Amino acid sequence: MSNATSVKCPNCKEVFKVDESVYSDIVKQVRDQQFNAELHKRSQIAEKEKENAVALTRAISEQSLQEKMASKDLALEQLKANAQYQLAQELAIKDKEIAAKDNTLNALRAQSQNKLIEELAKKDVLISEKMGLLQVAGAKEQLAINEAVKRVEKERDDLLNSLKNKDTESQLQASALREQYTLRINAKEETIKLKDGEISRLQDFKQKLSTKMIGETLEQHCETSFNQLRATAFQNAYFEKDNDASQGTKGDYIYKESDLEGNEIISIMFEMKNENDQTATKKKNEDFLAKLDKDRNDKNCEFAVLVSLLETDNELYNNGIVDVSYKYPKMYVVRPQFFIPIITVLRNAALNSMQYKAQLNVMKNQNVDITDFEDKINDFKAGFARNYDLASRQFKTAIEEIDKTMSHLQKTKDALLSSVNNLRLANNKSDDLTIKKLTHGNPTMKDKFDNLK
């Protein structure tokens, strides 16, 4: 005991002596305690860095997943708005579920970390207390302390393993959710592909419809439109299909109307043409005008009308009744909606000229010498034709204006009033046409009529 050293307990202030071997053991225990404290500190730092790395990796994965989902949502939105809307709702719901699960995992992780910290703090306090006892205890107490430290380290390792298992479980759940979303997105894409295939099939089916069948449909439309008004507006009219192909060709329909004495008022040869939007070789209206003119002449019809749905983008034919008399006489091209109006216009004009034709026939039957009579009749016909032409063009203008916006109604009204005024002037001219005026300045004609009286 000559080498014994006095040691004062920091807690109880009691002084006792220890030899060099005991002192060395105490110093070694203190150093081990510092080493364990440093090891514990570094372990906490490593765990903190690991948690940060896991959180960063999870954030990057979630951000990448959200970016991919956003890109896929945009593609689906461009393909089908309805599918995108439904998918966006489902993804929003699933995003909320992921966020909720992440929040739950974060809460569990924070709870586990807090619990671990509390347990470690308790164990550190216990170790400190044990270390204090080491200063006054012997080898037996040291062995108990070492066993206690081992138990604490084992508990700490168990807690760390439990935390790792929870992280692994959260990653597996996130992976399962991603796979589920991928399967649903693939299912949506397959549905869209099926719908696109059905659309293509229907378009192909429409393209294969026969042009003849579509043409017959247009003919039936025109025939039905005429029959709806036959009993009220066209009681004495003849409107039937042209079945006479003795001249090599035939038209579609012939319209004729006569007065009560059997005199023909008007006759029209009709041709109906339609074409499928998907037909490979597009036809033009001009392709059928020559045949229509030939059919009109072969069947002794006065007018020719092509009812056409060809050239749907051509504004010339979309604005109303198109007069093509500059190519073929007394020929018009109309859309189906102007089928009845063109008959009405031509028929009314013919009815107005019937009385002049009747007067001309009476004059011819009387075998009158018409030295100057023919010139006056020609002047009258020219004046009437001019007024009729003005009325016809203004009527066409009125139809075009009606097809435009409601803001042009006043202009349409003015055009119609002007047309009526010209017809009135033509009617006044016909009323003023008398035998006295016609024979004025013509002694030969005057004597003829005087002898008749």
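Residues numbered from 1 in each chain as written. Predicted model: local features only at pLDDT ≥ 70, side-chain atom pairs only at ≥ 80, totals over all residues. Heavy atoms only, no water.

Q: Which residues make up the overall build of the protein chain, and what values do they have?
A: From N to C terminus, the protein chain includes eleven helices and eight strands. The buried share of the protein chain, reckoned over its 453 residues, is 30%. In the protein chain, once contacts between residues fewer than 6 apart in sequence are set aside, the share between residues at least 24 apart is 63%. By element, 53% of the accessible surface of the protein chain is carried by carbon and sulfur atoms, the whole surface being about 29300 Å². (Helix = DSSP H or I, 4+ residues; strand = E, 2+ residues; numbered from the N terminus. Buried < 20%, exposed > 50% of the residue type's maximum accessible area, 1.4 Å probe, protein only. Contact = heavy atoms within 4.5 Å. Areas by Shrake-Rupley, 256 points an atom, 1.4 Å probe, with all protein chains shown as cover.)

Q: Pulling in residues and values, what's your account of the nonpolar core?
A: Counting residues in each nonpolar core, the largest one holds 27 residues, and the members touching the most others are Phe-226, Tyr-255, Phe-270, Val-305 and Phe-339. Contributing elements (two or more residues each) for this core: helix H4 (211-233), strand S3 (237-241), strand S4 (253-258), strand S5 (264-273), strand S6 (303-308), strand S8 (331-334) and helix H7 (339-365). With seven residues, the single largest contributor to this core is H7. When residues no more than four places from it in sequence are discounted, the contact partners of Phe-339 are Cys-222, Ser-225, Phe-226, Phe-239, Phe-270, Met-272 and Val-307. If you look at the next biggest cluster of nonpolar residues, it comprises twelve residues, including Leu-292, Leu-306, Val-322 and Met-331. (Core = buried A, V, L, I, M, F, W, Y, C linked by side-chain atoms within 4.5 Å.)

Q: Could you give me a rundown of the packing of aromatic side chains, with the residues and numbers involved?
A: A full pass over the atoms with the stated rule returns eight aromatic pairs. Aromatic side chains Phe-226 and Phe-234 sit 4.9 Å apart centroid to centroid with 25 degrees between the ring planes, which places their arrangement in the stacked category. Of the two residues, Phe-226 and Phe-234, neither departs from the other in class, the shared state being buried. When the ring of Phe-234 is compared with that of Tyr-255, the centres are 6.1 Å apart and the planes differ by 85 degrees; the resulting orientation is edge-to-face. Here Phe-234, found in the loop between H4 and S3, pairs with Tyr-255, found in strand S4; they are 21 residues apart in sequence, far enough to count as distant. We note that Phe-234, like Tyr-255, is buried. Taken together, Phe-226, Phe-234, Phe-239, Tyr-253, Tyr-255, Phe-270 and Phe-339 form an aromatic cluster joined through their ring pairs. (Phe/Tyr/Trp six-rings, centres within 6.5 Å; stacked < 30°, edge-to-face > 60°.)

Q: Could you give me a rundown of the confidence of the model for the protein chain, with the residues and numbers involved?
A: Detailed conclusions should not be drawn from predicted coordinates in areas where pLDDT is low. Averaged over every residue, the pLDDT of the protein chain is 76; residues scoring 70 or more account for 74%. Confidence drops under a pLDDT of 50 for residues 205-215, and excluding neighbours within four residues, the segment shows eleven contacts in the predicted structure. (pLDDT = per-residue confidence, 0-100.)

Q: Which residues make up the environment of Arg-109, and what are the values?
A: Mapped onto the secondary structure, Arg-109 falls in helix H2 (residues 81-134). Residue class for Arg-109 comes out buried when judged on its relative accessible area of 12%. Separated by 57 residues in sequence, Arg-109 and Lys-166 place their C-alpha atoms 8.0 Å apart.

Q: Which residues make up the pairing of S4, and what values do they have?
A: In regular strands, side chains alternate between the two faces of the sheet. Bridge count between S3 and S4: five bridges; the pairing is antiparallel. For Phe-239, the partnering residue across the bridge sits in S4 and is Tyr-255. When S4 meets S5, the two strands line up antiparallel, connected through six bridges. Across the sheet, the residue bridging to Tyr-255 is Ile-268, located in S5. Adjacent in sequence and paired antiparallel, S4 and S5 are bridged by five residues, among which Gly-262 carries a positive phi angle near 90 degrees. (Pairing = 2+ DSSP bridges.)

Q: A description of the environment of Leu-309 should follow, citing residues and the corresponding values.
A: Checked against the element boundaries, Leu-309 lands in the loop between S6 and helix H6 (315-318). Taking the C-alpha atoms as reference points, Leu-309 and Pro-336, separated by 27 residues in sequence, lie 7.4 Å from one another. When sequence neighbours within four positions are dropped, the list of residues in contact with Leu-309 reads Leu-218, Lys-273, Asn-274, Arg-335 and Pro-336.

Q: So, the sheet that holds strand S7 (residues 322-323): which residues are in play, and what are the values?
A: One open sheet accounts for six strands, arranged S3-S4-S5-S6-S8-S7; its pairing is mixed. Two strands close off the open sheet at either side, each with one partner strand: S3 and S7.

Q: Could you give me a rundown of unusual backbone geometry, with the residues and numbers involved?
A: Notably, Asn-300 is not glycine yet its phi reads approximately 55 degrees, a positive angle. Its identity is not glycine, yet Glu-311 carries a phi of approximately 50 degrees, on the positive side. Note on placement: Glu-311 falls in the loop between S6 and H6.

Q: Requested: an account of the pattern of salt bridges, with residues and values cited.
A: All told, the structure shown has ten salt bridges when counted by the stated rule. For the salt bridge of Glu-286 with Lys-327, the shortest nitrogen-to-oxygen distance reads 2.9 Å. In this pair, Glu-286 is assigned in the loop between S5 and helix H5 (289-298) and Lys-327 in the loop between S7 and S8, connecting sequence segments 41 residues apart. Residue Lys-327 is classed as partly exposed on the basis of its relative accessible area of 39%. What you see here is one network of salt bridges that share partners, running through Glu-271, Lys-273, Lys-291 and Asp-295. (Salt bridge = Lys/Arg side-chain N within 4 Å of Asp/Glu carboxyl O.)

Q: Tell me what's going on with the side chain of Ser-225, and back it up with residues and numbers.
A: Along the chain, Ser-225 falls in helix H4. On the basis of relative accessible area, Ser-225 is assigned to the buried category, the value being 19%. In this structure, Ser-225 is in contact with Phe-339 and Ile-340, ignoring residues within four places of it in sequence.

Q: Which residues make up H5, and what values do they have?
A: When H5 is considered as a whole, its buried residues turn out to be Leu-289, Leu-292, Asp-293, Asp-295 and Arg-296. Considered in projection along H5, the buried side chains sweep an arc of 160 degrees and stay on one side of the axis. Those residues of H5 that are buried lie in contact with S5, S6 and S8. Looking one or two residues past H5, Asn-300 carries a phi angle of roughly 55 degrees, positive in sign. (Arc of directions from axis to C-beta.)

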